[in-house]
Amino acid sequence: MRIVHISAECYPVAKAGGLGDVVGSLPRFQKESGHDTAVIMPMYRTPFLYKNEWEVVHKSNTNLGHWFFDYTIIRDRTSVLGFDLYLVDINGLLDREKVYGYNDDTERFCAFQIAVVHWINTWELLPDIVHVHDHHTGLIPFMMQHTYAFKRLEAIPSVLTIHNAQYQGSFGWEKTLYLPQWDSWKRGMLEWKGSINPLASGIKCAWKVTTVSHSYLDELKVSSNGLEDLFEYEKGKCSGILNGIDYKVWAPAHDPYLTEHFTIENAVKGKKNNKEILCSRFGLDPHKPLFVFIGRLVGEKGADLLPQVIIDSFEHIGRKMNFLILGSGESQTEDQLNSMKSISNNDYNVFIGYNEALSHSMYAGADFLLMPSRVEPCGLNQMYSMRYGTIPLVRKTGGLKDTVIDMGEKNGYGITFLHASVGDITHAIYRAVEVYEQKDVFRKMSKKIMDLDFSWDKSAGDYISLYNSFL
Ligand code: ADP
Ligand code: GLC
């Protein structure tokens, strides 16, 4: 099968979060199982660009409304990622250091999508499946079906995977000219609540829609930042497919970011060594349990609750544990977490920023991972942490609910709680400290989670079955 993924992120080319991890691993898995798989993404100015060799495969021009632009498609010559990688270069628009966060993101991603469809339309052999991810590529199914210039692509099945429905990329009708001329009877396929809504359009136009866990799909019907009715209406074509994780990248036995490698057999010693390195770097006490948080410091992740959780834990449970936070996001939370360094008694530290290497050291060296997310479509951190023998403490929501079973339940192995509240999280920490103090129970659980299977094996097969349903 000829599968084309189109995405704003793909690790290690460019990553802002889990979307990058998924698009960097699922296509490789598909390629390894015999499918002709490619990823098309914007050409940002990231280190990966300069470290690899590229060849120009296509040059052309098109327009975003009244603005005519040239675009170039380059291809990674080495196929180092295990699938064909194509980058779309639009001078001045996409070639920036960050993936998102610019005032003209609407223009950037509209132009990207138009260039991609414009290019695919020239292919002699068309793809069997076009698989788009999140709102940055959500207009592609519409363009393939309802714009006059791309009629040739109309019969290609498209799949939209929703990694996060909070972000929808809406923009006003005054920008309707951005899109290549389309059938005006189809206005409803672009619109949601008075705006052009790329995510909603993707849900309406894609042949099938998937979410990155089953529970998240159920939640979207009751809470999805305004799209609840649409999810209810389109439920017949929606399904949940849980993300897998890339066991080649996330492997404690040979992770290049670690100096101390370990397997299940020598996990106790291996984790202890990693913890000592981490604690000495951040001035923490390696004899106490180490709780970490890794992620975007935003409300969705419950990051705003962390300062009070840490204060309450020290006060009510006692100074029996360490906390180490890695993340960046809302400035108020960043400032609060930073200023709390003053209360540390060799038991608290924070690193504000994005640091891939440090995240790996933390998954390996921590005892527990905190994920008090208010919303978590899938969540990869809890699966990474389990691979590295670090016990997750998660709120029962979305993908967290689908991947972590509380230790109090049959065959359980983690700690779960119901509410994203300071009280519930602190209570979970209290339970974790108790587990840590029973060394046998703690070590057994840590080994058990390392042995769980969160690989792409099953989920990749579910995507192929979905594609096969069209063919
Ligand atoms: P989301 O995509 O919503 O941010 P996920 O759990 O799916 O959440 O994935 C987050 C990914 O980003 C993981 O690979 C995690 O390790 C990584 N990550 C998040 N914040 C940071 C950070 N500050 N430094 C390094 N890696 C980070
Ligand atoms: C999103 C979600 C996260 C998910 C990731 C990969 O960023 O917030 O829960 O794991 O996408 O699908």
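Residues numbered from 1 in each chain as written. Chains lettered and ligands numbered in written order. Predicted model: local features only at pLDDT ≥ 70, side-chain atom pairs only at ≥ 80, totals over all residues. Heavy atoms only, no water.

**Student:** In this structure, what is going on with the domain arrangement of the chain? I would like to understand it.
**Tutor:** Frequently, the measure chosen for interface size is the accessible area that the parts lose on association. Under the domain assignment, the chain is made up of domain 1 (2–244 + 456–468) and domain 2 (267–450). Computed from C-alpha atoms alone, the centre-to-centre distance between domain 1 and domain 2 is 33 Å. Across the boundary between the two partners, domain 1 contributes 19 residues, which contact 16 residues of domain 2. Of the roughly 1,300 Å² buried between domain 1 and domain 2, counting both surfaces, carbon and sulfur atoms make up 52%. Remark: the boundary between domain 1 and domain 2 carries 1 salt bridge. (Domains from an automatic or database assignment. Contact = heavy atoms within 4.5 Å. Buried area = accessible area lost by both parts, 1.4 Å probe. Salt bridge = Lys/Arg side-chain N within 4 Å of Asp/Glu carboxyl O.)

**Student:** Explanation requested: the pattern of salt bridges in the structure shown.
**Tutor:** Should the charged atoms of two oppositely charged side chains come close, the side chains can pair. Inspection of the entire model under this criterion finds 27 salt bridges. For Glu 356, the salt bridge identified is with Lys 15, shortest N-O distance 3.3 Å. One end of the pair, Glu 356, is in helix α11 (residues 356–365); the other, Lys 15, is in the loop between β1 (2–6) and α1 (18–32), and 341 residues separate them in sequence. With a closest N to O distance of 2.8 Å, Arg 75 and Glu 55 form a salt bridge. (Helix = DSSP H or I, 4+ residues; strand = E, 2+ residues; numbered from the N terminus.)

**Student:** Honestly, the site of ligand 1 in this entry has me stumped. Any pointers?
**Tutor:** As a matter of local geometry, ligand 1 sits amid 20 residues, with Gly 18, Asp 21, Arg 296, Lys 301 and Tyr 363 nearest to it. For ligand 1, whose unbound accessible area comes to 560 Å², protein coverage reaches 93%. Residue assignment for the shell around ligand 1 shows that the elements contributing at least two residues are α1, β12 (290–297), β13 (322–329), α11 and α12 (381–387). Here the shell around ligand 1 is built from residues that sort into 6 nonpolar, 9 polar and 5 charged. Built from parts of two domains, the shell around ligand 1 gets at least three residues from each of domain 1 (2–244 + 456–468) and domain 2 (267–450). (Near = heavy atom within 4 Å. Areas by Shrake-Rupley, 256 points an atom, 1.4 Å probe, with all protein chains shown as cover. Nonpolar A, V, L, I, M, F, W, Y, C, P; charged D, E, K, R; others polar.)

**Student:** Quick question: what am I supposed to make of the packing of helix α14 (residues 422–437) against helix α15 (residues 439–450) here?
**Tutor:** Packed helix pairs are specified by the crossing angle of their axes together with the interaxial distance, meaning the distance between the axes. Between α14 and α15, the shortest axis-to-axis distance is 5 Å and the interhelical angle comes to 105 degrees. Regarding the angle of α14 to α15, the classification is roughly perpendicular. Residues Val 435, Tyr 436 and Glu 437 of α14 touch α15, and the partners they reach there are Lys 439, Val 441, Phe 442 and Met 445. When the residues that make up the contact of α14 with α15 are grouped by side-chain class, the tally is 5 nonpolar, no polar and 2 charged. (Axes fitted to C-alpha atoms, helices over the stretch in contact; angles between N-to-C directions. Parallel < 35°, antiparallel > 145°, perpendicular 65-115°, else oblique.)

**Student:** When you look at the side chain of Arg 395 in this model, what are you seeing that I'm missing?
**Tutor:** Position of Arg 395 relative to the elements: it lies in strand β16 (residues 391–395). Within the buried core, Arg 395 has no salt-bridge partner, and the shortest N-O distance to an opposite charge, that of Glu 219, equals 6.8 Å. At 2.8 Å, the side chain of Arg 395 and the backbone oxygen of Arg 374 are in polar contact. Discounting residues that sit within four places of it in the chain, Arg 395 has contacts with Met 371, Pro 372, Ser 373, Arg 374, Leu 400, Phe 417, Leu 418, His 419 and Ala 420. (Buried < 20%, exposed > 50% of the residue type's maximum accessible area, 1.4 Å probe, protein only. Lys, Arg positive; Asp, Glu negative; His and termini not counted. Polar contact = N/O pair within 3.5 Å; in protein donor to acceptor, adjacent residues only side chain to side chain.)

**Student:** How do you make sense of the sheet that holds strand β14 (residues 348–352) when you look at a structure like this?
**Tutor:** Hydrogen bonding along the main chain pairs the strands of a sheet, whether they run parallel or antiparallel. Across the sheet, 6 strands lie side by side as β14-β13-β12-β15-β16-β17; this open sheet has parallel pairing. Of all the strands in the sheet, just β14 and β17 (415–417) have a single pairing partner and so form its edges. Strand after strand, the sheet turns through a mean of 15 degrees between neighbouring axes, direction not considered. Pairing geometry for β12 and strand β15 (residues 368–371), over 2 bridges, is parallel. Bridge assignment links Phe 291 to a residue of β15, and that residue is Phe 368. The strands that helix α9 (residues 306–317) touches are β12, β13, β14 and β15; relative to β13, the one it contacts most, it runs at about 175 degrees. Where α11 meets the sheet, its contacts fall on β12, β13, β14 and β15, and the angle it forms with β12 comes to roughly 145 degrees. (Pairing = 2+ DSSP bridges.)

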